[in-house]
Each structure stands twice: as structure tokens, then as C-alpha cells.
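Residue-level structure breakdown
This is what each chain is made of:
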Amino acid sequence: MSRKTKDGLILGLVWLSAAITVGVLAWILIYVVSNGIGEISFEFLTSASNGEEGGIFPMIVNTVYMIAVSLLISTPIGVLAAIYLNEYARPGRMLKLIRFATESLAGIPSIVFGLFGMIFFVVYLKFSWSILAGSLTLSIMVLPTIVRTTEEALKAVPNALREGSLGLGATKLRTVWKTVLPNALPGIITAVILSVGRVVGETAAVFLTAGMVPRVAESMMQSGRTLSVHMYLLAKEGISFEKAYATATVLIVLVFIINFSANYLGKKLNRN
Amino acid sequence: MVDTNAYENGQSIDQIKTAMLDPVRIRKRKRSEKIIESIFFISAFVAVLSVAVISLFIFTEGIPAIFEIGFSDFIFGTKWQPLGDVYGILPMIVGSIYGTLGAIVLGVPIGIMTAVFISEVAPDWLVRIVKPAVELLAGIPSVIYGFFGLIIIVPIIDETLGGGGNSLLAVIIILAIMILPTVVSISETSIRAVPKEYKEGALALGASKIQTIFQVILPAAKSGILTAVILGIGRAIGETMAVILVAGNTPMIPDQMTDRIRTLTANIAMEMGYAYGLHQQALFATGVVLFIFIMALNILLNAFTSKVGDV
């Protein structure tokens, strides 16, 4: 085979691979959305479910609860951790240990988080299946995302700003608080948005900790089914594929919004 | 802390100076800085604590079951019959390994080629389509992949190869799609990190563009690409909900691509809801095996990335 044909063949494979990647995405999106969009109505979004049938209003509310509570817990911890890692920590064993733990946390499968959350929060701490148990589990799960993304944002803040602030006599803390953090804010918001995406999409860790009661949770200690868990049950039990398509469409729209806003902020950050 | 607005509030420079240099105040300020610094440290340490507590609880729940069942009966047992108190997870171990290997074989080449496309081949306007597509692929919840597999991939397999469709092959296809974003984005980053001189040198020596990419750039980026593969393995082996929806979930060692399989993750997720006693512990023990797999991958990854530096 001549070099030219060989090159052409490989180039063809490269184009084909990219086409497969984009094609699969398009296939999933178009198929699910085209089947689901017709099922979505005001009633579907705002009415309570009736067994596995009916609307998804309770699941939407429960999902919002889960997002709010888990991010309220994980954002402060994650951001402060990132500040420590980027601004204070000195190289050494402790730093290595923390980095290894953060990486490991990112690699642990969600079902293991689910097992842990169930035995620790649900059984050991007696939270029972509840929004609180689910949110605590998820807050540990999204911690690495927040730490890493915030760290990236902190790294992007020019050192000149820190030096300037310190040179003017500000203490280190004041420098971090008044100069570094405000500049890293878009990155921190991106971290939060990415975490929202993970909470919305999570199923395995949620159904073992927050349960699957298809009603709006009235308190943090009550079980509540999220959108993803609902989606899973609809698909698994095969009760109503129409509702499954519709729920999937709602999830995809959410993911779209989340990705778009994270991207937008990311670009803004890069420009600064 | 000294009030920065003091000057505007009418204090003289001298007053502010004395206030700032007051040794008692300086000591106080130093102490509060130290306290806040330790709060930062504790936050960072939460990750270490979490990993420790997670390991502790999974292991203390799971290890006793492994002893009660017997190590080799548990790991090498081919029968999983909770009703008869028979707990062998070899079929699930094999199922997880086959599914993951298949996904790597199918997904990694496509992923690397797509990364090459984005970083070296595609015109700008196409990059602006393909890159967000990959990011979107990463954001889609796993249960939607599972649903897609269930309504599209499974029927296609059933019609073309028979066997009902819920199968090892369906798992492989879905997992291959799901690891794509990880493989693409990390490979792309490492390809972009290859110094320009390598490329220019190769082209100047008369290599074609394709030769340069595949014989110079990719080998130079191999540590990043290997990282991508390891992370892809982690994602595939840990995936649960998408797998359950397409695997068929029969706890048997598969003989062919169209056989039903059950993975370690599916074993836990499917039975945890109603298990109790030894059965529940056996599921935690399944979690232990999964956890050890993942930790081994993490250690491998850690050894790997610290050797090549911070990539």
C-alpha cells in the first residue's frame, strides 16, 4: 500500500470515529426528545404521580431539594479545601495524602457511595431513607468535582494580584478573601453547576439512601424519589414508556441548561 | 483586624499606624489567621476522612460475610442463590471484567481517534461542534444511556443476533459509549500538551501529517492516553444503572456475546433493597471486591501520574 492510500485510510478512520461520537449523541438526543416532547404538558410537570403513572412534580421538587441540600454542604467544604490546597499547603506527605484521597473519592463508583450512605447515614446514624441521608451521601460524592474545579480557578488567578495585595500590607487571609476568591468566582460557580449536573443525574447512590417514595418530601427526614430514580423505575419496570420518554426529555433539557451555563462561565473565566 | 475605612472615618494616619502596629492586635490577628487556616486544612482533610470512613464501613460490613461464606467459595463460587444461602460471585466478577474489557476494546480506539480529530485534524468550525458534543455526552445521566440501550440497542441485537438482546454485547456497547467522553477529553488534553517542536521536527523530516500524528505525537502523549484508559476502566467497572437496564442480570458466566450477564455493581443494586442478614452482608462483600478493584486502579493511576509529573 502506498503511503498516500494508507494515510487516506487512517484519516478516514479518524473522521469516522468523530462521526460516531457525535452521531451517537445525536441519535440519543433526537430519539429520546422526539418521542418525549409530545408527552410533556403543563399537567405532566405540575401534577403528582399516581403510582408509576401521572406527573413528575414531586420528583422535580425532590430533585431540587437534593441539589440544594447537598450543595449547601459540599460547596463551603470544597471551596475551603481548594483554598487550602492552592494557597496554604506546602508540599509533603500530608498534601500527597489529601490529593490521593480526593482522587480516590472521584474514582469510587456511585453504587459504593450508595452502599456506604445506606449503612452509615440510613442505618448507623438512623436517618432512615431520607433527603438528608441522600444529600449527605451526594455531598461527599461531588466534593472532588468542587475541589478540583475551584483549584483550577484559583490557579488561574495571576500571582501579581496576590503580591500586590500582600505588598500593600494585607494579611494572607485578607488577600485570599478579598483578592483571590472574587477573581476565582466564575470558576467556583462552574464547580457548583457541574455538581448540580452530577446530583441531577445520579441514581445508584440516591435510591439506596433517599429511597423512592413518589411524593414531595415534607421534611429533610422523609424519603423522596428524584427524577433520575423515577426514570430508572419507569424504564426498569416497563410500566409506561411514554412517561419514561417524557421524563428522559426533562432530564436532557436540564443537562443542556447545566452544560450551557457551565460552558458560558468557563469561557468568561478564560477571557479574564 | 484594622478597619480599612478608618482613614475615611476621620482617624489620622498616626492613629491608624499605632493601631496596626499595636503588638496585642498583631498577636490577635495572627491567632485568628491561624484558626482560619486550620479551618481550611480541616475542610481539605474531609476528603481523607471520607475515604477512611467509607472503607471502614464497607469493609466491616463485608469482610465477616466473606469469612462466613468462605473466601474461595465466595470469590470462585459459580452459583449465586440467596434463597439457598449460596453466595458465589465469580459470574459477576467475570461479567464485570468482560463488560469492561469489551468497552475498552471498542471505546478506546474511537475515543483516541476522536481526540486526534479534535486536536489535529478538524477545522475550527467542526471543533466547535464536536467538543461541546463530547461534553454533553459526559453530562447525560447514566440512566438515560440505559434507557437508550433498552429501547434501541437491545432490540437491534435481538433482531440481528437473537438471544433476546439483553446481553454482554449490549453492556459492551453502552459502556463503550459511556467511557467516550473520559477517553476523548483526557487524550485531547495530553495530545495538546505535546510540544510543537515534535510535530514541526517530524514534518520537516518529511513525515506526512498522519505519520506525524500516529508515530510522533501519540507516542509522546502516551502517558496521558494511558491515564484516560485507566479512568475509562474505572468508569466502566463502576457503572450500575445503565448496565442493569441492558444486561439481563442472570448470574451466570457468559459463553458468548449474546448471553445475559450480571455485573458486580448490578448484583448490589438489584438486591440491596430487600436483602437482610447474610444476604445483605454478601452484597456488601460484593462491594468490597468492587472497592478493591477501584482502589487498585486508583493506586495504579496515582503511581503513574506522579511518575510522569503533574499531567
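Counting restarts for each chain: residues are numbered from 1 in the order of the written sequence. Here every chain gets a letter starting at A, and every ligand a number starting at 1, in the order they are written. Since the coordinates come from a predicted model, pLDDT governs what is reported: local features require at least 70, and pairs of side-chain atoms require 80 or more to be given and counted, while whole-chain, interface and lining totals use all residues.

1. Here's the deal with the overall build of chain B
In terms of helices and strands, chain B carries 13 helices and 2 strands. The principal-axis extent of the C-alpha atoms belonging to chain B is close to 90 × 65 × 35 Å. Our exposure labels follow a C-beta count within 10 Å of each residue's own C-beta, placed from the backbone: buried means 20 or more other C-beta atoms, exposed means 12 or fewer, and partly exposed covers the counts in between. Residues classed as buried in chain B amount to 45% of the 311 residues present. A separation of at least 24 residues holds for 72% of the contacts in chain B among residues at least 6 apart in sequence. Helix numbering and strand numbering both begin at the N terminus, where a helix is a DSSP run of H or I of at least 4 residues and a strand a DSSP run of E of at least 2. It is the C-beta atoms, placed from the backbone, that decide contacts: two residues are in contact if theirs lie within 7 Å.

2. Considerations on the overall build of chain A
Counting its secondary structure elements, chain A contains 11 helices and 2 strands. When the helices and strands of chain A are read in sequence order from the N terminus, they spell out α-α-β-β-α-α-α-α-α-α-α-α-α. Projecting the C-alpha coordinates of chain A onto the three principal axes gives extents of approximately 70 × 65 × 35 Å. Expressed as a percentage of its 272 residues, the buried residues of chain A come to 50%. A fraction of 75% describes how many contacts in chain A between residues 6 or more apart in sequence connect residues 24 or more apart.

3. Digging into the domain arrangement of chain B
Residues and elements named next belong to chain B. Domain start and end points were adopted from an automatic or database domain assignment. By the assigned domains, chain B splits into domain 1 (13-69) and domain 2 (75-308). The C-alpha-based centres of domain 1 and domain 2 are spaced at 36 Å. The interface of domain 1 with domain 2 comprises 10 residues on the first partner and 9 residues on the second.

4. Points about unusual backbone geometry
Even without a glycine there, the phi angle at Lys126(A) is positive, about 55°. Its identity is not glycine, yet Asn249(B) carries a phi of approximately 65°, on the positive side.

5. A closer look at the interface of chain B and chain A
In this assembly, 70 residues from chain B lie in contact with 66 residues from chain A. A per-element tally of the side of chain B that touches chain A places helix H2 (residues 23-69) of chain B first, with 20 residues. Across the side of chain B that touches chain A, the residue classes break down as 51 nonpolar, 14 polar and 5 charged. Each residue is assigned to one of three groups, with Ala, Val, Leu, Ile, Met, Phe, Trp, Tyr, Cys and Pro labelled nonpolar, Asp, Glu, Lys and Arg labelled charged, and all others, Gly among them, labelled polar.

6. Let's talk about the environment of Lys30(B)
The residue Lys30(B) is located in helix H2 in this model. Remark: the alpha-carbon pair of Lys30(B) and Phe59(B), spanning 29 residues in sequence, is separated by 43 Å.

7. Observations regarding the packing of helix H4 (residues 90-121) of chain B against helix H7 (residues 168-192) of chain B
All names here are of chain B. Angles run from 0 to 180 degrees between N-to-C directions of axes, and those axes are lines fitted to C-alpha atoms, restricted for helices to the stretch in contact. The contact between H4 and H7 brings their axes to 6 Å, and the two run at 35°. With respect to the hand of their crossing, H4 and H7 are arranged in right-handed fashion. Of the residues that constitute the contact of H4 with H7, the class distribution is 19 nonpolar, 8 polar and 3 charged. In this scheme, a crossing is called left-handed if the near helix is turned counterclockwise away from the far one by less than a right angle; it is called right-handed if the turn is clockwise.

8. Quick look at helix H9 (residues 209-220) of chain B
Helix span, expected: 1.5 Å multiplied by one less than the number of residues in the helix. The terminal C-alpha atoms of H9(B) lie 15 Å apart, and with 12 residues this matches the ideal 16 Å at 1.5 Å per residue to within 8%. Considered for burial, the residues of H9(B) that qualify are Ile210(B), Thr212(B), Ile213(B) and Ile217(B). Down the axis of H9(B), the buried side of the element spans an arc of 145°, and every buried residue falls inside it. Lining the buried residues of H9(B) we find helix H1 (3-36) of chain A together with H4, H7 and helix H8 (196-204) of chain B. Working definition: the arc comes from the directions between the helix axis and the C-beta atoms, pointing outward to the latter.

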